[in-house]
Amino acid sequence: MFQSFTLFQQVALAVIGLINLGTFILYYVDKQRAIRRQYRIPERTLLLASFSLGGVGAWLGMSTFRHKTKHWKFKLSVPVAALITLAALYLVLDRPI
């Protein structure tokens, strides 16, 4: 299946996948630091990672680790960031370049 994609699509999928994995890991690390009462990752950084095409990873991180689920800023922003990420994936996969 992956062979039928153009080089651009393969690279774009890999980059978006890595961004989402990195965002997921950021949410995990911040949750662990919260539990240990250590220095936290700033909310701004978490949201920036979410809107940098890491929205799906952020949403999965919030759900999996039950992290930032009570903050209205994240309740509203992360689903929007996930939709932006999914739209970018659609654009990458829909058009052969």
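Calculation criteria
- Residues numbered from 1 in each chain as written.
- Predicted model: local features only at pLDDT ≥ 70, side-chain atom pairs only at ≥ 80, totals over all residues.
- Heavy atoms only, no water.
- Helix = DSSP H or I, 4+ residues; strand = E, 2+ residues; numbered from the N terminus.
- Buried < 20%, exposed > 50% of the residue type's maximum accessible area, 1.4 Å probe, protein only.
- Contact = heavy atoms within 4.5 Å.
- Areas by Shrake-Rupley, 256 points an atom, 1.4 Å probe, with all protein chains shown as cover.
- Axes fitted to C-alpha atoms, helices over the stretch in contact; angles between N-to-C directions.
- Parallel < 35°, antiparallel > 145°, perpendicular 65-115°, else oblique.
- Left-handed = near helix turned anticlockwise from the far one by under 90°.
- Nonpolar A, V, L, I, M, F, W, Y, C, P; charged D, E, K, R; others polar.

Points about the overall build of the chain
Here is step 1: Within the chain, the secondary structure is distributed over four helices and zero strands.
Here is step 2: In terms of overall dimensions, the chain has a C-alpha envelope of 45 × 20 × 20 Å along the principal axes.
Here is step 3: Looking at the chain residue by residue over its 97 residues, the buried ones come to 33%.
Here is step 4: Across the chain, every contact between residues at least 6 apart in sequence was considered, and the portion connecting residues at least 24 apart equals 71%.
Here is step 5: Of the roughly 6,500 Å² that the chain leaves accessible, carbon and sulfur atoms contribute 67%.

Here's the deal with the packing of helix α3 (residues 55-65) against helix α4 (residues 72-94)
Here is step 1: Two numbers describe how α3 lies on α4: the axes approach to 7 Å, and their chain directions differ by 140°. By the angle class used here, α3 and α4 are oblique. Taken as a pair, α3 and α4 cross one another with a handedness that is left-handed. Along the contact surface, α3 presents Gly55, Val56, Ala58, Trp59 and Met62, while α4 presents Phe74, Val78, Pro79, Ala81, Ala82, Thr85 and Leu86.
Here is step 2: Split by residue class, the contact of α3 with α4 holds 10 nonpolar, two polar and no charged.

Quick look at the environment of Thr69
Here is step 1: By secondary structure assignment, the location of Thr69 is in the loop between α3 and α4.
Here is step 2: Overall, the relative accessible area of 33% leaves Thr69 in the partly exposed class.
Here is step 3: Sequence separation between Thr69 and Trp59 is 10 residues, and the spatial gap between their C-alpha atoms is 9.6 Å.

Here's the deal with the packing of helix α1 (residues 7-35) against helix α2 (residues 43-51)
Here is step 1: Where α1 contacts α2, the axes come no closer than 9 Å and their chain directions differ by 160°. Classed by the angle they form, the pair α1 and α2 counts as roughly antiparallel. Note that α1 runs across α2; the crossing there is left-handed. Judged by residue contacts, Thr23, Leu26, Tyr27 and Asp30 of α1 engage Leu46, Ala49 and Ser50 from α2.
Here is step 2: Here the contact of α1 with α2 is composed, by residue class, of four nonpolar, two polar and one charged.

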